[in-house]
Amino acid sequence: MSDAILFTVEEGMARLTLNRPARLNAFNADLAHAWKDATAEATSRPDVKAILIDAAGPAFCAGGDVIDMATTMGASGAEITALAEVINAGIRSLTESAVPVVAAAHGTTAGGGLGILLSSDYAVVGSRSQLGSLYANIGLTPDLSVSAQLARAVGQRRALQLVLQDRLLSAAEAVEWGLVAESVEGADGAAEADAVRTRGEEIARFWLAGAADAYGQAKRLVRSQPERSFVEQLTEEARSIGAALETPDAQARVAAFAAASARKSG
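Residues numbered from 1 in each chain as written. Predicted model: local features only at pLDDT ≥ 70, side-chain atom pairs only at ≥ 80, totals over all residues. Heavy atoms only, no water.

## Details of the packing of helix α9 (residues 212-224) against helix α10 (residues 230-245)
It is the contact of α9 with α10, at a shortest axis distance of 11 Å, that shows an interaxial angle of 170 degrees. Between α9 and α10, the interaxial angle falls into the category roughly antiparallel. Residues Q217, R220 and L221 of α9 form the contact with α10, whose participating residues are Q233, E236, E237, R239 and S240. Considering only residue class, the contact of α9 with α10 consists of one nonpolar, three polar and four charged. (Axes fitted to C-alpha atoms, helices over the stretch in contact; angles between N-to-C directions. Helix = DSSP H or I, 4+ residues; strand = E, 2+ residues; numbered from the N terminus. Parallel < 35°, antiparallel > 145°, perpendicular 65-115°, else oblique. Contact = heavy atoms within 4.5 Å. Nonpolar A, V, L, I, M, F, W, Y, C, P; charged D, E, K, R; others polar.)

Next up, the structure:
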C-alpha cells in the first residue's frame, strides 16, 4: 500500500488515513490509486466489520490537488477524468459494501473531499471544521460523488446553495443541515483533531461491540434503496430480516432478549 494512505486492520476495524498533510490531503495520482486499493481491500476482507477514514495533518481533504493539475499533470481534461474514475471506484467500494463507514473529518473538507466524506455513513467533525464545495472558484464542476450524494444528504435546495456559492459551512451548520452527525471540541486545532479521531474510533468500536453484521446490512439496505421501487425495497427488507434471523448472532440475541423479558415479567 502506498504511503499516501496508511492502512491498518485491528480487531475488525480497518483504518484508512489520508496521508498527504503538506497538501491538505488533496488527491493526486498516487493518493487516488492508494485510495482505490485500500477501499477495495477494506470492503472485501471478511474480518473487517467497520471502517474508519481519517487524515493526517491540519485538514481532512481539500479535494483534488490543483497545483498538481496545473504542473505535473498539465491540466489535461482526459487525465483528470481518468483520475476521477479511479477515485470513484473507491467511493463505490465503500457505498456499495455492507460495512459501515465513519469519517473523522477534522479541519477543512472541500471540493472532492466533500465526496469522500459523503461516502461515509456517519461523519464526525471538529467544532472549528469548515465544509464546502468551492469547485467554481477554479472553474470546475463537482465530482467524486458530490452531485450524486449531496442532495440526498441535505436536500436539493441546500445542495444548490452550497455548490452555487463561495461558501464554507461551519461545523454547527453542517450538523444542522444533516451533512455530518456530530461535532466535537478541543482546546486547539491539534487537540480537536485528536478528539475527532477518538470519536470516530468510538463509533467504529460501537458497531464492532454490537451486532456488527446487522449494522452492515442495515447500511446496505439504506444505501441501495434508490436502485429499487418501493415494493422491491419491501421485498428486499423482508428477505434481509429473514436471512439475519438465521445467523447465530441474531439467534443468540433474540434468545437473550426473550429470557430477559421473561425474568422481568416473572
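And the narrative resumes.
## Some words on the layout of surface pockets
Taken as a whole, the largest pocket spans an internal volume of roughly 670 Å³. Lining the largest pocket we find 31 residues, and of these G64, V66, M69, I138 and L140 sit closest to its centre. Of all the secondary structure elements, the ones that give two or more residues to the lining of the largest pocket are α2 (66-70) and α3 (77-95). With six residues, the single largest contributor to the lining of the largest pocket is α3. Across the lining of the largest pocket, the residue classes tally to 19 nonpolar, nine polar and three charged. Residue lining of the second largest pocket: 22 residues in total, with L118, S120, D121, V222 and R223 positioned closest to the centre. A total of five residues in the lining of the second largest pocket trace back to one element, the largest contributor, which is α9. (1 Å grid on protein atoms, 1.4 Å probe; cavity = no way out; pocket = protein on both sides within 12 Å on 5 of 7 lines; lining within 4 Å. Points joined across faces, edges and corners; volume = space filled by probe spheres on them.)

## Section: the side chain of K219
When you line up the elements, K219 lands in helix α9. The class of K219 is buried, set by a relative accessible area of 8%. Apart from residues no more than four positions distant in its own chain, K219 is found in contact with L94, T95, S97, A98, V99, P100, V101 and D121. (Buried < 20%, exposed > 50% of the residue type's maximum accessible area, 1.4 Å probe, protein only.)

## Concerning unusual backbone geometry
The phi torsion at N25 lies on the positive side, around 60 degrees, for a residue other than glycine. Summarising the element assignment, N25 is placed in the loop between β2 (13-18) and α1 (29-44). Assessed through its relative accessible area of 0%, N25 is described here as buried. One non-glycine residue, S145, lies in the positive phi region at around 80 degrees. With respect to the element layout, S145 can be found in the loop between β7 (130-132) and α5 (146-154).

## Topic: the sheet that holds strand β4 (residues 101-105)
Across the sheet, six strands lie side by side as β1-β2-β3-β4-β6-β9; this open sheet has mixed pairing. Edge positions in the sheet fall to β1 (5-10) and β9 (182-184), since each of these pairs with one other strand and no more. Sheet twist, expressed as the average angle between the axes of neighbouring strands with direction ignored, equals 20 degrees. Against the sheet, helix α8 (residues 189-209) touches β1, β2, β3 (50-55), β4, β6 (122-126) and β9, its axis set at about 170 degrees to β4. (Pairing = 2+ DSSP bridges.)

## Some thoughts on the pattern of salt bridges
Enumeration over the complete set of coordinates arrives at 20 salt bridges. For the salt bridge of R205 with E11, the shortest nitrogen-to-oxygen distance reads 4.0 Å. Here R205 is found in helix α8, whereas its partner E11 is found in the loop between β1 and β2, with 194 residues between them in sequence. The closest approach of N and O atoms between E96 and R92, which form a salt bridge, is 2.8 Å. (Salt bridge = Lys/Arg side-chain N within 4 Å of Asp/Glu carboxyl O.)

Distances and angles like these do not, on their own, reveal function.
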